[in-house]
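Listed here are the chains, written in short residue letters.
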Amino acid sequence: MSKQDLGLPRRLALVVEPLPGEALLSWLNIMSAEHGGLTRPQTAQITGVLAGEGSLYPLAHGSALYHPHAAKVARIRAATALTESQVAEMFWHRYRGTVLHPLGSRWVDETTRHTLLKWWIDPNALRLCPRCVDISGGRWLLAWQLPWVFVCPTHRCYLVEACPTCGRAFTAHRTNPVLDAPHRTPLPNSTQWGQCSAPARELPTVPVQDNELLALQQRLWDALHAPAEQRPEPFGLFQDLWAMACLALFTAHPEHLDGADAVVREAFADYCRAHDGTAGRRFTSAELRGLPVPVHAAVIRTAARIVFGEDPLAAADAVAGLSRDPHSTAIVALRRAWHSSPLRFATRENTARIETVMDVAKYSGPGLAPSLKRRSPTAASATVLCER
Ligand SMILES: [Zn+2]
Ligand SMILES: [Zn+2]
């Protein structure tokens, strides 16, 4: 019986090996270029990412990128002769047990878009290290799409998330740095679309001077790529940081960023100006998904000072005054974060690092305060943050 009879694709003569950590869409870009400019869906079909001539929906909407189902891995391996781990590492599922819950959403062993969004990851967001992209001919790493990665540890520069000429955000589905073709972009002061010919390669870099942020990024990078037998240690780490990042998002100010680079301080100051009101800080879930790279860097840097500090409660108090005011909005934000997904599961397996901070959230004023919805618009917006 031939491979075609088994539903397996034909073995390709020309296969480019994925870079370690490369995203599946990036690998499809380079494969399509190598195959004379096939479209990405056509490339997905010949490489076995999509089954046969069927629906293109799983690629266009990203569902083909989440879970390395056994049949899919078998198809890709039949077409490309890549190893099983080379194939599996290109899917979002690889972050199970680090930034994704080891057991998945609703305890199903499946990674989906829903799983990612719940854990602060927008699968369509794309950030690039200009130097890495130049060296590799336009390829990107899946880790760059995580909110936990804001700096390239190799080149000590901030990741770039938008075209510096027109300001249009890069996206995993529409940006193709391999081809480096002009991209569609909204025309200024108009509802029309135009073409911008600025390259997605040879982007200007913003160097990182902030050694604290570099050390943090290296630590997160190592945790992200920890071998499976060392988990769930990294998962606990990301949970603790997530909880404290929630706190920083609602309560931190630029003065908490001493030693940070100007690009981070200024972006966080803009963020505060845009979202601070008389009743506290507010934002919509869409705004949360679209936080700029330097704002992620700011809140995770602030969170890390608490999580890795000698006295996490004192560090948290320096940001939010938690133990001074048992009814502060910060406590509500934190408690909701802790008891909602994704932190709902944290108490069972997280580390004791931030126990003292979480005790304040647990034991300060529960039942004494009005319900979250009646407290204040800020407190209500905490729900938005945590139930995504
Ligand atoms: Zn780099
Ligand atoms: Zn542009």
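Quick note: structure is the one above.
The rules behind the values
- Residues numbered from 1 in each chain as written.
- Chains lettered and ligands numbered in written order.
- Predicted model: local features only at pLDDT ≥ 70, side-chain atom pairs only at ≥ 80, totals over all residues.
- Heavy atoms only, no water.
- Helix = DSSP H or I, 4+ residues; strand = E, 2+ residues; numbered from the N terminus.
- Contact = heavy atoms within 4.5 Å.
- Areas by Shrake-Rupley, 256 points an atom, 1.4 Å probe, with all protein chains shown as cover.
- Donors = N, O, S within 2.8 Å, 3.2 Å for Na, K, Ca; no water.
- Tetrahedral: all angles 85-135°; square planar, octahedral: opposite > 155°, others 65-115°.
- Buried < 20%, exposed > 50% of the residue type's maximum accessible area, 1.4 Å probe, protein only.
- 1 Å grid on protein atoms, 1.4 Å probe; cavity = no way out; pocket = protein on both sides within 12 Å on 5 of 7 lines; lining within 4 Å.
- Points joined across faces, edges and corners; volume = space filled by probe spheres on them.
- Nonpolar A, V, L, I, M, F, W, Y, C, P; charged D, E, K, R; others polar.
- Domains from an automatic or database assignment.
- Pairing = 2+ DSSP bridges.
- Axes fitted to C-alpha atoms, helices over the stretch in contact; angles between N-to-C directions.
- Parallel < 35°, antiparallel > 145°, perpendicular 65-115°, else oblique.
- Left-handed = near helix turned anticlockwise from the far one by under 90°.
- Phe/Tyr/Trp six-rings, centres within 6.5 Å; stacked < 30°, edge-to-face > 60°.
- Core = buried A, V, L, I, M, F, W, Y, C linked by side-chain atoms within 4.5 Å.
- Salt bridge = Lys/Arg side-chain N within 4 Å of Asp/Glu carboxyl O.

Chemist: Can you lay out the overall build of the chain for me, pointing to particular residues and giving the numbers?
Modeler: A tally of helices and strands in the chain yields 18 helices and six strands. Taking all contacts inside the chain whose residues are at least 6 apart in sequence as the whole, residues at least 24 apart take part in 67%. Approximately 17,300 Å² of the chain is accessible, and the part contributed by carbon and sulfur atoms is 53%.

Chemist: Outline the coordination of the zinc ion (ligand 2), listing residues and values.
Modeler: Donor atoms from the polypeptide that coordinate the zinc ion (ligand 2) comprise C163 (SG), C166 (SG), H183 (NE2) and C196 (SG), at 2.1 to 2.3 Å from the metal. Around the zinc ion (ligand 2) sit four donor atoms, and with donor-metal-donor angles ranging over 102 to 118° the site reads as tetrahedral. Here the donor residues of the zinc ion (ligand 2) are spaced in sequence according to C-x2-C-x16-H-x12-C. Residue C166 is located in the loop between strand 2 (157-158) and strand 3 (183-186), and its partner C196 is located in strand 4 (residues 193-196); the two are separated by 30 residues in the primary sequence. On the accessibility criterion, C166 (30% relative accessible area) is partly exposed.

Chemist: Summarise empty space enclosed by the protein; cite the residues concerned and give the values.
Modeler: All told, the structure shown has three cavities of 30 Å³ or more when counted by the stated rule. Considered as a void within the structure, the largest cavity measures approximately 80 Å³ in volume. Every residue lining the largest cavity is counted, 11 residues in all, and those nearest its centre are W120, D122, P147, R289 and H296. Partitioned by chemical class, the residues of the lining of the largest cavity number five nonpolar, two polar and four charged. For the lining of the largest cavity, the two domains that each supply at least three residues are domain 2 (125-208) and domain 3 (211-386).

Chemist: Would you mind going over the coordination of the zinc ion (ligand 1) in detail, with residue names and values included?
Modeler: In this structure, C129 (SG), C132 (SG), C152 (SG) and H155 (ND1) serve as the protein donors to the zinc ion (ligand 1), at separations of 2.1 to 2.3 Å. Around the zinc ion (ligand 1) sit four donor atoms; with metal-centred angles ranging over 102 to 114°, the donor geometry is tetrahedral. Written as a sequence motif, the donor residues of the zinc ion (ligand 1) are C-x2-C-x19-C-x2-H. One end of the pair, C132, is in helix 7 (residues 130-136); the other, C152, is in strand 1 (residues 151-152), with 20 residues separating them in the sequence. Classification of C132 as buried rests on a relative accessible area of 18%. Residue classification places C152 among the buried positions, given a relative accessible area of 3%.

Chemist: Provide a residue-level description of the environment of L291, including the pertinent values.
Modeler: Here L291 shows up in the loop between helix 11 (285-289) and helix 12 (293-307). Here the alpha-carbon distance between L291 and Y271, two residues 20 residues apart in the chain, equals 8.8 Å. For L291, the residues in contact, after removing those within four places along its chain, are R127, E161, L249, Y271 and H296.

Chemist: Tell me about the pairing of strand 4, and please be specific about residues and values.
Modeler: Only one face of strand 4 is buried, namely the one carrying G194 and C196, since none of W193 and Q195 on the opposite face is buried. One ladder, built from four bridges, connects strand 3 with strand 4; its direction is antiparallel. In the strand pairing of strand 4, H183 is matched with C196. Connecting strand 3 to the next strand, strand 4, in antiparallel fashion are six residues, including N189 with a positive phi near 55°.

Chemist: Account for the packing of helix 9 (residues 233-251) against helix 12, naming residues and giving values.
Modeler: Their axes nearest at 8 Å, the elements helix 9 and helix 12 cross at an angle of 120°. When the interaxial angle is binned, helix 9 and helix 12 end up oblique. Note that helix 9 runs across helix 12; the crossing there is right-handed. Of helix 12, the residues touching helix 9 (which contributes D240, L241, M244, A245, L247, A248 and L249) are V299, T302, A303, A304, I306 and V307. Among the residues making up the contact of helix 9 with helix 12, the classes are represented as 11 nonpolar, one polar and one charged.

Chemist: An account of the layout of surface pockets is needed here, citing residue identities and associated values.
Modeler: Here the largest pocket defines a volume of roughly 430 Å³. Together, 19 residues line the largest pocket, and R174, T175, N176, H183 and R184 are the ones closest to its centre. Split by residue class, the lining of the largest pocket holds nine nonpolar, six polar and four charged.

Chemist: Let's hear about the packing of aromatic side chains: which residues, and what values?
Modeler: Within the structure shown, the criterion is met by three aromatic pairs. Between W92 and Y95 the ring centres are 6.3 Å apart and the planes differ by 50°, which places this aromatic pair in the tilted class. Side by side, W92 and Y95 carry an identical accessibility label, which is buried. Between W148 and F238 the ring centres are 5.0 Å apart and the planes differ by 65°, which places this aromatic pair in the edge-to-face class.

Chemist: Account for the nonpolar core, naming residues and giving values.
Modeler: Counting 112 residues, the largest nonpolar core has W27, W144, L146, W148 and M244 as the members making the most contacts within it. Discounting residues that sit within four places of it in the chain, W148 has contacts with V99, W120, Q217, L220, F238, L241, W242 and I300.

Chemist: Quick one: what's the story with the environment of W120, residue by residue and with numbers?
Modeler: Counting through the fold element by element, W120 comes out in the loop between helix 6 (113-118) and helix 7. Overall, the relative accessible area of 7% leaves W120 in the buried class. For the pair W120 and L146, spaced 26 residues apart in the sequence, the C-alpha separation amounts to 8.2 Å.

Chemist: How would you summarise the pattern of salt bridges if you had to cite specific residues and measurements?
Modeler: If you walk through the whole model with that rule in mind, you get nine salt bridges. For E22, the salt bridge identified is with R139, shortest N-O distance 2.8 Å. Linking E22 in the segment before helix 1 (24-34) with R139 in the loop between helix 7 and strand 1, this pair joins segments that are 117 residues apart in sequence. Each member of the pair, E22 as well as R139, carries the same accessibility label: buried. A salt bridge links R305 to E212; the nearest nitrogen and oxygen atoms lie 2.8 Å apart. Of this pair, R305 sits in helix 12 while E212 sits in helix 8 (residues 211-224), placing them 93 residues apart in sequence. In the salt-bridge network here, residues are joined through shared partners; they are D210, E212, D258, R301 and R305.

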